[in-house]
Amino acid sequence: MKYQTQKIAYWFFATCMLLFSLQLVYGFIMGFAHMGFDGLHNIIPFNAARATHTNLLVVWLLTGFMGAAYYIIPEEADRELIHPKLAYVQLGALVAVGVVAIIGFHMNWWEGRKFLEIPRPLDYLVVADVLLFIYLIGGTIWKGKRYTTTSMVLFLGLLMAALLYLPGMINTDHQTLDSYWRWWVVHLWVEGVWELIMGAIMSFLLIKMTGVDREVIEKWLYIIVGFTFLSGILGTGHHYYYIGTPRYWLLVGGLFGALEPLAFLGFAIYAVAMARKGGKNPDNKMAMAWTMATAILSFVGAGFLGFAHTLPQVNLYTHGTLVTAMHGHLAFWGAYACLVLALIAYAMPKLTGRNLQDSRMNVFAFWTSNIGMIAMTLAFGVAGIAQVYLERKLGMDFLTVQKEVEVHFLGLVLAASLFSVGIVAYVWNFIRFGKPAGEVK
Ligand code: HEM
Ligand code: HEM
Ligand SMILES: [Fe+2]
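Residues numbered from 1 in each chain as written. Chains lettered and ligands numbered in written order. Predicted model: local features only at pLDDT ≥ 70, side-chain atom pairs only at ≥ 80, totals over all residues.

So, the overall build of the protein
Phase 1: Secondary structure summary: the protein contains 14 helices and zero strands in total.
Phase 2: Starting at the N terminus and ending at the C terminus, the protein contains elements arranged as α-α-α-α-α-α-α-α-α-α-α-α-α-α.
Phase 3: Relative to its length of 441 residues, the protein is compact, with a C-alpha radius of gyration of 21 Å against a globular reference of 22 Å.
Phase 4: For the protein, the C-alpha atoms occupy an extent of roughly 65 × 45 × 45 Å along the three principal directions.
Phase 5: Buried positions account for 50% of the 441 residues belonging to the protein.
Phase 6: The long-range share in the protein, meaning contacts at least 24 apart out of those at least 6 apart in sequence, stands at 81%. (Helix = DSSP H or I, 4+ residues; strand = E, 2+ residues; numbered from the N terminus. Rg over C-alpha atoms; globule rule 2.2 N^0.38 Å. Buried ≥ 20, exposed ≤ 12 C-beta atoms within 10 Å, placed from the backbone. Contact = placed C-beta atoms within 7 Å.)

This is the structure we're talking about:
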């Protein structure tokens, strides 16, 4: 760690670990409910568990991105963070809003719009909190000694992510318009601006760990990420097929949606090629492993499994089924969860001065969680294909089909248990690192 204020990142990462663990608890509640064991139904009905599970996911990932920015920006800008105390206020406020939202979901205080369930009054607090964050990061870059491409792309990604939260707050009582704007947030985040954030964090990690010249890494990585970003904008159309929007979206969404995986593939090949080109034996093998997992699994989960249902002919049948959940899990895991875990793995030895990065516990965490998540994806996939066939092809009733696919959720819960053992090991290793050390190395 070069700058004292980078320490702030630790508290964001610790929050990540906590919220991530809690997310898994709600995953199990739903997994069991799908198996027919819905004993908690009266206290935590499925809809509340689902909203909590996905919102915790989004919040811990955003917390991870923020922590990443607090770690990366001082180093890239070559100066301490401005107003470090405000960064703690920003974290505290974010957590407070998150806690209130989660309690709200359990008391049926929610908006019922998938991924944007947070009630409106809390949205304004989120906006205020994010503005503070953008000010701290932007101000640090502004006053910094140097402007690097990586810090600029990271800042741009974070700023645009903040701006794209706003379309989700447009008031309308029309179902189609509501869906239309909802996708501006959901799709343009994960298949648009979050990719800029991913590109920047990956570039930082690759520059630090491979020894390849910054110029080489930055130039090509940003060209590829730029392509992903561009195909993703009109790719939004793959959510506008049959929701009451004009027919041209069938063509636009089909075409640009199909282009998106190519960009993800390019990104994966490039990142792996850079890692090999560097030929340097990284002193943090697990951070490198998580970085490669991000590159490869984002292609598999987002690119390959996204393609599986992006064409209108297929989406007509698969829309809103467990096929979507299959893709959602591996895409979020590969692209964004692995990314945050990679940066945490990289930063922890530097923040704490302890060398536990390649401990057996961490190696175990990496393999167990990744194999577990791949198995979970398969379980969702099998359940999803069965559901599509029975419900959409044979026309069976939704709830009858849910009963038919219960058996596949045994597989899901077993896979999720393996996955969770891996995550517990990761969190345990995180705790073993201890708090950040005071000295600057
Ligand atoms: C890292 C990137 C990605 C993430 C995190 C992600 C995640 C998700 C999630 C969570 C959903 C469900 C959203 C909802 O129903 O509200 C979804 C839907 C969808 N995704 Fe992705 N995705 C990514 C990339 C892609 C790509 C590259 C493609 C296309 C090639 C794609 C195609 C789709 C389609 C077609 C749907 C709609 C499914 C339906 O109609 O139910 N996704 N994605
Ligand atoms: C213990 C592990 C986990 C279990 C048992 C689990 C289980 C589930 C279940 C049962 C659903 C609801 C599916 C439905 O609508 O019927 C769900 C939704 C979801 N989970 Fe998980 N999950 C786990 C971990 C994760 C992780 C680690 C991620 C992200 C990296 C994740 C991302 C999601 C997303 C994005 C959705 C919404 C999917 C959609 O829109 O269709 N889950 N999960
Ligand atoms: Fe999309």
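A short note on the site of ligand 1
Phase 1: The environment of ligand 1 is formed by 26 residues, the closest being Ala302, Gly306, Gly328, Ala331 and Ala335.
Phase 2: Listing elements by their share of the shell around ligand 1, those giving two or more residues are helix H6 (175–210), helix H8 (248–278), helix H9 (285–307) and helix H11 (322–352).
Phase 3: Residue contributions to the shell around ligand 1 peak at six residues, all from H11.
Phase 4: Split into classes, the residues belonging to the shell around ligand 1 amount to nine nonpolar, 14 polar and three charged.
Phase 5: Mapping the shell around ligand 1 onto the domain boundaries places at least three of its residues in each of domain 2 (149–280) and domain 3 (295–441). (Near = placed C-beta within 6 Å. Nonpolar A, V, L, I, M, F, W, Y, C, P; charged D, E, K, R; others polar. Domains from an automatic or database assignment.)

A few points about the packing of H11 against helix H12 (residues 360–393)
Phase 1: The geometry of H11 relative to H12 is characterised by a closest axis approach of 7 Å and an angle of 160° between their N-to-C directions. Judged by the inter-axis angle, H11 sits roughly antiparallel to H12. In this structure, H11 meets H12 at a crossing whose hand is left-handed. Here Leu322, Val323, Ala325, Met326, His329, Leu330 and Trp333 of H11 lie close against H12, whose contacting residues are Met373, Met376, Thr377, Phe380, Gly381, Ala383, Gly384, Ile385, Gln387 and Val388. (Axes fitted to C-alpha atoms, helices over the stretch in contact; angles between N-to-C directions. Parallel < 35°, antiparallel > 145°, perpendicular 65-115°, else oblique. Left-handed = near helix turned anticlockwise from the far one by under 90°.)

Focus: the site of ligand 2
Phase 1: Gly27, Met30, Gly31, Gly328 and Ala416 are the nearest of the 20 residues found near ligand 2.
Phase 2: Elements with a contribution of two residues or more to the shell around ligand 2: helix H1 (8–35), helix H2 (46–77), H11 and helix H14 (406–433).
Phase 3: In terms of residues, the shell around ligand 2 owes the most to one element, H11, which gives seven residues.

Things to note about the domain arrangement of the protein
Phase 1: Entries for the protein in the domain assignment read domain 1 (1–147), domain 2 (149–280) and domain 3 (295–441).
Phase 2: Taking the mean C-alpha position of each, domain 1 and domain 3 sit 19 Å from one another.
Phase 3: At the interface, 25 residues of domain 1 touch 23 residues of domain 3.
Phase 4: Residue assignment for the side of domain 1 that touches domain 3 shows that the elements contributing at least two residues are H1 and H2.
Phase 5: If you tally residues by element for the side of domain 1 that touches domain 3, the top one is H1, at 14 residues.
Phase 6: Residue composition of the side of domain 1 that touches domain 3, grouped by class: 15 nonpolar, eight polar and two charged.

Structural notes on the UniProt feature "domain: Cytochrome oxidase subunit I profile" (unreviewed entry) in the protein
Phase 1: Residues given the UniProt feature "domain: Cytochrome oxidase subunit I profile" (unreviewed entry) here are residues 183–394.
Phase 2: End-to-end, the C-alpha atoms of residues 183–394 are 30 Å apart, and along that stretch the chain is 83% helix and 0% strand. (UniProt positions renumbered as here; feature names shortened; annotations may be inferred.)

Some remarks on H6
Given 3.6 residues to a turn, an α-helix orients residues that are three or four positions apart in the same direction.
Phase 1: Given a rise of 1.5 Å per residue, 36 residues ought to cover 52 Å, and the 49 Å separating the end C-alpha atoms of H6 matches this to within 8%.
Phase 2: Its maximal kink placed at Trp189, H6 deviates by approximately 60°. (Expected span 1.5 Å × (residues − 1). Bend = angle between axes of the 7 residues up to and from the residue.)

Observations concerning unusual backbone geometry
Phase 1: Positive phi outside glycine occurs at His83, with the angle close to 45°.
Phase 2: Considering the arrangement of structural elements, one finds His83 in the loop between H2 and helix H3 (84–106).
Phase 3: Residues other than glycine seldom take positive phi values, yet Phe115 does so here, at roughly 80°.
Phase 4: The topology assignment puts Phe115 in the loop between H3 and helix H4 (120–143).

Section: the packing of H4 against helix H5 (residues 149–163)
Each packed pair of helices is defined by two parameters, the angle between the axes and the distance between the axes.
Phase 1: The interhelical angle for the contact between H4 and H5, taken along N-to-C directions, is 160°, at an axis separation of 10 Å. Relative to H5, the element H4 lies roughly antiparallel. The two elements H4 and H5 cross, and the hand of that crossing is left-handed. Residues Val130, Ile134, Ile137, Gly138 and Ile141 of H4 pack against Ser151, Phe155, Leu158, Leu159 and Ala162 of H5.
Phase 2: Taken together, the residues of the contact of H4 with H5 break down into eight nonpolar, two polar and no charged.

With respect to the environment of Ser179
Phase 1: Its location among the elements puts Ser179 in helix H6.
Phase 2: Through-space distance from the C-alpha of Ser179 to that of Tyr240 is 8.6 Å; in sequence the pair is 61 residues apart.

Observations concerning the environment of His187
Phase 1: Looking at the secondary structure, you find His187 in helix H6.
Phase 2: On a C-alpha basis, the gap between His187 and Thr236 in space is 6.2 Å, while along the polypeptide they are 49 residues apart.
Phase 3: Residues within four places of His187 in sequence aside, it is in contact with Thr236 and His239.

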